[in-house]
Amino acid sequence: MSFFSKRWSNFKWQYDLISNLSPKLESLGGIQNSDPSKIHLEDLGKESLLADCHCTPGTSENSSDYDDEIKDFDNLRRIKDDIPPAAWLIVLCELCERFTFYGVSGPFQNYIQFPPPKEKGDQPGALGQGQRVATALSCFFAFFCYITPILGAVIADKYIGKYRTILIFSCIYMTGLSILILTATPLAMAANASLPGLILAMIIIGFGTGGIKSNVSAMVAEQYPHKKPFVKTLETGEKVIIDPKLTVQSIFHWFYVAINIGALSPIITTNLEKYHSFWLAFLIPFLMFAFAISIFFSGRRKYIKKPPDGSIIFDAFRALKIAFFNGRNLDHASPSKMSPYQLHKYRVTWDDKFVGELRSVLQACSVFIFFPIFSVVCGQSHTNLISQGATMRTGFLPNDIMNNINPVTLIIFIPILDKWIYPAMRRNGIKLRPVTRVSIGFMFAASSMLYSAIIQWQIYNTGPCYENTRCIVDGKPVPNDISIWWQAPIYILIAISEAFTCITCIEYAFQKAPASMKSIATSSYLGMSGIGAALGLLVVPFSKDPYSIYIYIVLGNATFIAGFVLLYLFRDYDRKDNDIVQEPETKERESEE
């Protein structure tokens, strides 16, 4: 007997049960609909394939139609649904916010590392603190931006909801941007206020972006209301299955495309830093962020806003603490396993279902365990690789503009994945499961680092400075005689790795976590990125010549090993994902597709 035949038999048993119980339930006021064939099974606290179905199982005609639909379900083509307008509005806001974030952070390495240029068009700089200080501060900023989302998640889930949290933290963000602009002016630099002003701005911006980051990705996915597949008839007469998983995957793909369109802002800001000033380079992102806030606020009546239902993060930490000190077994955190004294001692406010969902989200988030290594690799494109570019011939280009090859590649590659590669693989029966996609991303990331090592070796073996990069010739620091365009494959490989790994991790965190645990899943993903930024501080002592080459060799090999270990440890997750059969909503929709 097939899965759906069993469900049909189970439904007929439930129907008989409801037929007998409905008069009693109606008398108790539990169900207002006295027709048992139209009772929603959710009214009884049951999940059912026929929750929205108003068919009458007692008639052979309807029963036969339903059986035919169920029989065809496995054979129907699965496609994604249209993305709701509210989701597109949030995607646009994310584009503007990322324009701001990357626009101000893009010039940071040069701003901190190099002194002010003697002539316009020379190597841009301001604070003259050196490569190691610049790398350390950039890693600190990234780390802080990834740990503050926990605070944003708690405030949104427990107190004011995602929409209001994003608005409030946007105002904090604007304050940090204002400080950054003011302390980058010539007057502030003359007063030696630029370095403390930068650190203060980094902290405030970190709070602002953290409150937004922890909520915006979940909020954009929440704009799609359907949780189960449903059958839809196209204009051609073909019946297809609208798969919410594919729809959410598409939403996150376009969300990530928007991020990377916004990430092109350093094309503007790095040229402004080179040919005008840093304060103007920081002013442009400030204006864009003001525009983003106005767009987000304008859609306030269109959004699906889930009200705060209490933050579960603190309860989760308390449950984990109980499990840790009781044999490291999460079962011991279940209220049913505790005595009245323990319930009072631990101030237990959760139930056994909560513990089960916590176990599910921990299992889902365990896939992120190697993500810090990947994050360190991606972080090099904002720190040491920019410094590497400063030791190469740049021509009229800023040395930190090469990083924009990354978002350009993603803008091109992500739609290709979403519209052609993944659908073509599905049509040919090839299902590229999440863990496999993440592992592929690790392989590309490792390749980027090993290629970086080759480029660094070439720099050290090229004159006029060789290992003593940016040596003084005729009173001016000069680069080695190797073109900065040799860096292009590095950013292309990192971009492809992000397309496979980052998008999959965001999607996996949202889809695999129970509804009540999505904030924990998102915070865990971002927290792993924060750990990666902290690990980036370990390479700071080697961020100087002639040791930079060892950074890339070690990171490349470590990422290769991590990718293979990840695939080996979690290969069963892909198999389980392959075995999952989602149940459809049985109501059909006529399409104007």
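Note that the coordinates shown come from a computational prediction; the quantities given were computed from them, not determined experimentally. (Residues numbered from 1 in each chain as written. Predicted model: local features only at pLDDT ≥ 70, side-chain atom pairs only at ≥ 80, totals over all residues. Heavy atoms only, no water.)

1. Description of the state of the cysteines
Stated formally: Counting rule for disulfides: a pair of cysteine sulfur atoms within 2.5 Å.
A full pass over the atoms with the stated rule returns 1 disulfide. One disulfide bridge connects Cys 465 with Cys 471, the sulfur atoms lying 2.0 Å from each other. The sign of the S-S torsion, about -75°, decides the handedness of the disulfide formed by Cys 465 and Cys 471: left-handed. Residue Cys 378 stays outside any disulfide, its sulfur separated by 5.3 Å from that of Cys 502, the closest cysteine.

2. Overview of the nonpolar core
The condition is simple: To form a nonpolar core, buried Ala, Val, Leu, Ile, Met, Phe, Trp, Tyr and Cys residues must be joined to one another through side-chain atoms within 4.5 Å. Only protein chains enter the area calculation, which uses a 1.4 Å probe; residues under 20% of their type maximum are buried, those over 50% are exposed, and those in between are partly exposed. The secondary structure listing takes helices from DSSP runs of H or I that are at least 4 residues long and strands from runs of E that are at least 2 residues long, numbered from the N terminus. Residue contacts follow a heavy-atom distance rule, with two residues in contact if any of their heavy atoms lie within 4.5 Å.
Core analysis: the largest hydrophobic core is formed by 142 residues, its most contacted members being Tyr 111, Phe 282 and Phe 354. Looking at this core element by element, the count peaks at 14 residues for helix α19 (residues 488-512). Setting aside anything within four residues of it in sequence, one finds Phe 354 in contact with Ile 312, Asp 315, Ala 316, Ala 319 and Met 517.

3. Looking at unusual backbone geometry
Residue Gly 463 is joined to Pro 464 through a cis peptide bond whose omega torsion reads 5°. Inspection of the secondary structure puts Pro 464 in the loop between α18 (434-460) and β4 (472-473). The omega torsion of the bond from Asp 545 to Pro 546 falls at 5°, within 30 degrees of zero and hence cis. Following the sequence through the fold, Pro 546 ends up in the loop between α20 (518-535) and α21 (548-569). A positive phi angle, near 55°, is found at Arg 328, a position not held by glycine. Mapped onto the elements, Arg 328 comes out in the loop between α12 (313-324) and α13 (340-345).

4. Thoughts on the pairing of strand β2 (residues 230-233)
Applied cut-off: Whether two strands pair comes down to DSSP finding at least two bridges between them.
Residue alternation in β2 divides its side chains into two sets, Phe 230 and Lys 232 and Val 231 and Thr 233, and both sets are buried. Connecting β2 to the antiparallel partner strand β3 (residues 239-242) that follows it, the hairpin turn spans 5 residues, and Gly 237 within it adopts a positive phi of roughly 90°.

5. Observations regarding the pairing of β3
Sheet analysis places strand β1 (residues 77-79) next to β3, joined by 3 bridges and oriented parallel. Each residue of the ladder has a partner; that of Arg 78, found in β3, is Ile 241. Across 4 bridges, β2 lies against β3 in antiparallel orientation. Note on β3: the bridge partner recorded for Lys 232 is Val 240.

6. Considerations on a positive patch on the surface
Put simply, the rule reads: To count toward a patch, a residue needs a relative accessible area over 30% and no salt bridge; like charges are then connected within 9 Å, while nonpolar side chains (Val, Leu, Ile, Met, Phe, Trp, Tyr) are connected within 5 Å. The Shrake-Rupley method, run with a 1.4 Å probe sphere, supplies the accessible areas, and residue values consider only the shown protein chains as cover. Salt bridges are defined as contacts in which a side-chain nitrogen from Lys or Arg sits within 4 Å of a carboxyl oxygen from Asp or Glu. Within this scheme the basic residues Lys and Arg register as positive and the acidic residues Asp and Glu register as negative, but His and the chain ends are omitted. Each charge is placed at NZ for Lys, CZ for Arg, CG for Asp and CD for Glu.
Taken together, the side chains of Lys 80, Lys 419, Arg 426 and Arg 427 define a basic patch exposed on the protein surface. For Lys 80, a relative accessible area of 31% puts it in the partly exposed group.

7. Digging into helix α5 (residues 131-147)
What counts is decided by this rule: Helix span, as expected, comes to 1.5 Å for every residue beyond the first.
With 17 residues, α5 should reach 24 Å at 1.5 Å per residue; the first-to-last C-alpha distance of 24 Å fits that figure. Within α5, burial applies to Gln 131, Ala 134, Thr 135, Leu 137, Ser 138, Cys 139, Phe 141, Phe 144 and Cys 145.

8. Regarding the packing of aromatic side chains
Note the threshold: Two rings from Phe, Tyr or Trp (for Trp, the six-membered ring) form a pair when their centres sit within 6.5 Å of each other. Planes less than 30 degrees apart are called stacked, planes more than 60 degrees apart edge-to-face, and all others tilted. Geometrically, a charge over a ring is one whose NZ (Lys) or CZ (Arg) sits within 6 Å of the ring centre while staying within 35 degrees of the ring normal.
The final tally for this structure, using the stated rule, is 22 aromatic pairs. The interplanar angle of 80° and the centroid separation of 5.5 Å between the aromatic rings of Phe 108 and Phe 141 together place this pair among those described as edge-to-face. In this pair, Phe 108 is assigned in helix α4 (residues 108-113) and Phe 141 in helix α5, connecting sequence segments 33 residues apart. Looking at Phe 108, the relative accessible area reads 2%, which means it is buried. The class for Phe 141 is buried, based on a relative accessible area of 4%. Above the plane of the ring of Tyr 275 lies Lys 274, whose end atom (NZ or CZ) is 5.8 Å from the centre. Against the face of Tyr 163 rests Lys 305, its NZ or CZ located 4.2 Å from the ring centre.

9. Side note on the environment of Ile 261
Tracing the chain through its elements places Ile 261 in helix α9 (residues 244-262). On the basis of relative accessibility, which here comes to 35%, the residue Ile 261 falls in the partly exposed class. Along the backbone, Ile 261 and Cys 96 are 165 residues apart, and their C-alpha atoms lie at a distance of 8.9 Å. Sequence-distant contacts of Ile 261, defined by excluding residues within four places in its chain, comprise Leu 95 and Ile 411.

10. Some remarks on α21
Note the threshold: Here, the arc refers to the directions that run from the helix axis to the C-beta atoms.
When the terminal C-alpha atoms of α21 are compared, their 32 Å separation across 22 residues agrees well with the 32 Å that a helix rising 1.5 Å per residue should span. What α21 keeps buried is the set Ser 548, Ile 549, Ile 551, Tyr 552, Leu 555, Gly 556, Thr 559, Ala 562, Gly 563 and Leu 566. For α21, the angular spread of buried residues about the axis comes to 170°, placing them on one side. Turned more than 90 degrees from where α21 packs its buried face, Val 554, Ile 561, Phe 564 and Tyr 568 sit exposed. The inward-facing, buried residues of α21 contact α5, α15 (371-379), α16 (384-390) and α18.

11. Points about the pattern of salt bridges
Close approach of charged atoms allows side chains of opposite charge to pair. For the coordinates displayed, the defined rule picks out 10 salt bridges. Between Asp 81 and Lys 232 there is a salt bridge whose closest N-O contact spans 3.7 Å. Here Asp 81 is found in the loop between β1 and α3 (85-105), whereas its partner Lys 232 is found in strand β2, with 151 residues between them in sequence. Of the two residues, Asp 81 and Lys 232, both sit in the buried class. Here Arg 98 ties to Glu 94 by a salt bridge, and the two come within 3.9 Å at their closest N and O atoms. You can see Arg 98 and its partner Glu 94 sitting in helix α3, 4 residues apart, about one turn around the helix. Each of the two residues, Arg 98 as well as Glu 94, counts as buried.

12. A word on the environment of Pro 398
Relative to the assigned elements, Pro 398 resides in the loop between α16 and α17 (405-427). A residue is classified by how much of its surface remains accessible, and Pro 398, at 0% relative accessible area, is buried. In this structure, the C-alpha to C-alpha distance between Pro 398 and Tyr 275, residues 123 residues apart in sequence, is 9.2 Å. If we ignore the near neighbours within four places in the chain, the residues touching Pro 398 are Thr 270, Asn 271 and Lys 274.

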